[in-house]
Amino acid sequence: MAYNIAVDGPAGAGKSTIAKQVAEELSYIYVDTGAMYRAMALYFLRKGISPEDEASVSAACEDITVTLSTENGEQQVFLNGENVNGYIRTEEVGKATSTVSAYAKVRQKLTQLQREMAATTDLIMDGRDIGTCVLPEAQVKVYLTASVETRGKRRFLELQEKGENCELEQICEDIRKRDEQDMNRKISPLKQAEDAVLIDSSFMTIDEVVGRILELVKENCS
Ligand code: DC
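Below or above, wherever it landed, is the structure these notes cover. These numbers come from a predicted model, not from an experiment.

Within the element layout of this structure, Arg 38 appears in helix H2 (residues 33–46). Lacking a salt bridge, the buried Arg 38 has Asp 32 as its closest oppositely charged neighbour, with an N-O distance of 6.5 Å. Those residues in contact with Arg 38, other than ones at most four positions away along the chain, are Ile 88, Arg 89, Thr 90, Val 93, Gly 94, Thr 97 and Arg 178.

Encoded structure:
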């Protein structure tokens with residue numbers, strides 16, 4: 001039987017940083033499901049399909065294959081065979097992703113793929129609906145969150161480091177909008193699973209959060 005750790009939470013809560021470290025400690029595979037949704041959104045944008053047009057997005061789902069591999073410990077996402085890691089982290093793709101990830105057809109496609117991976121592999125998977133929908137039987141479920149201000153500041157520093165021009169207030173506003181969209185959609189909205197452990201990382205270091213998850217794994221995965 002494979003051990004599965006599900007980590008859900010809003011944008012900027014630190015899910016990928018934390019999940020990557022936990023995966024390394026345990027020699028589990030790390031699966032970033034947001035990247036899979038982003039790859040699909042990139043396809044629609046490239047084809048000129050409006051993210052708002054659910055019928056066209058849904059019809060185009062059949063033409064898309066998303067696959068993953070790991071290179072030097074980093075997840076690589078392939079869209080119809082092309083490595084698109086370098087194209088999926090823009091604001092434009094992020095916004096389109098939030099819109100198209102609300103559609104049933106898009107979710108069905110990726111949920112199935114995610115379940116297939118989890119059935120045979122020890123992994124830590126992060127996203128919005130992993131504990132509630134994709135892997136309801138996961139041995140460990142974490143809901144990782146932080147205040148909008150903390151998440152905004154983290155994102156602000158990240159962008160500044162990259163030399164990008166940005167305003168903290170605008171970033172916080174974008175985060176609020178993204179939360180609103182992800183938490184209030186009809187299918188698989190972002191919410192804490194009843195049996196998930198809540199971790200608020202606003203005043204915790206990365207090592208503290210990783211340590212807490214490793215404790216949960218010790219208690220539940222043996
Ligand atoms: O984690 P992220 O910022 O890369 O996610 C991008 C978008 O994808 C986010 O707005 C919500 C959506 N998403 C989702 O609906 N379900 C998931 N399991 C992962 C991401």
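Now for the environment of Thr 33. As for its placement among the helices and strands, Thr 33 is situated in helix H2. Through-space distance from the C-alpha of Thr 33 to that of Gly 127 is 5.5 Å; in sequence the pair is 94 residues apart. Not counting residues within four places of it along the chain, the set of residues in contact with Thr 33 comprises Gln 114, Met 125, Asp 126, Gly 127 and Ile 130. At 2.6 Å, the side chain of Thr 33 and the backbone oxygen of Asp 126 are in polar contact.

The next subject is the layout of surface pockets. In this approach a probe as big as a water molecule rolls over the atoms, and the regions it shows empty are the leftover space. In this model, the second largest pocket occupies a volume close to 230 Å³. At the level of secondary structure, the elements contributing two or more residues to the lining of the second largest pocket comprise helix H1 (15–26), strand E2 (29–32) and strand E4 (74–79). Counting residues per element, the lining of the second largest pocket draws most heavily on H1, which supplies 3 residues.

The rules behind these values
- Chains are numbered independently. Their residues run from 1 in the order of the written sequence.
- Reporting of local features is limited, given that this is a predicted model, to residues whose pLDDT is at least 70; pairs of side-chain atoms are given and counted only at 80 or more, and all residues count toward the totals for whole chains, interfaces and linings.
- To get the side-chain values, take all heavy atoms of the structure and skip hydrogens and water.
- Helix and strand definitions here come from DSSP, where helices need a minimum of 4 consecutive H or I residues and strands a minimum of 2 consecutive E residues; each element is numbered from the N-terminal end.
- Relative accessible area decides the class of each residue, using a 1.4 Å probe on protein chains only: under 20% of the type maximum gives buried, over 50% gives exposed, and in between gives partly exposed.
- The charge count includes Lys and Arg as positive and Asp and Glu as negative, but it does not include His or the ends of the chains.
- Salt bridges are counted wherever a side-chain nitrogen of Lys or Arg sits within 4 Å of a carboxyl oxygen of Asp or Glu.
- Throughout, a residue-residue contact means that at least one pair of heavy atoms, one from each residue, lies within 4.5 Å.
- Polar contact is defined as a pair of N or O atoms within 3.5 Å, subject to the rule that within protein one atom must be able to donate a hydrogen and the other to accept it, and that residues adjacent in sequence are counted only when both atoms are side-chain atoms.
- For each structure, a 1 Å grid was placed over the protein atoms alone; sets of points admitting a 1.4 Å probe that cannot get out are labelled cavities, open sets with protein on both sides within 12 Å along at least five of seven lines are labelled pockets, and lining residues have an atom within 4 Å of a point.
- Grid points are joined across faces, edges and corners, and a volume is the space filled by probe spheres set on the points.

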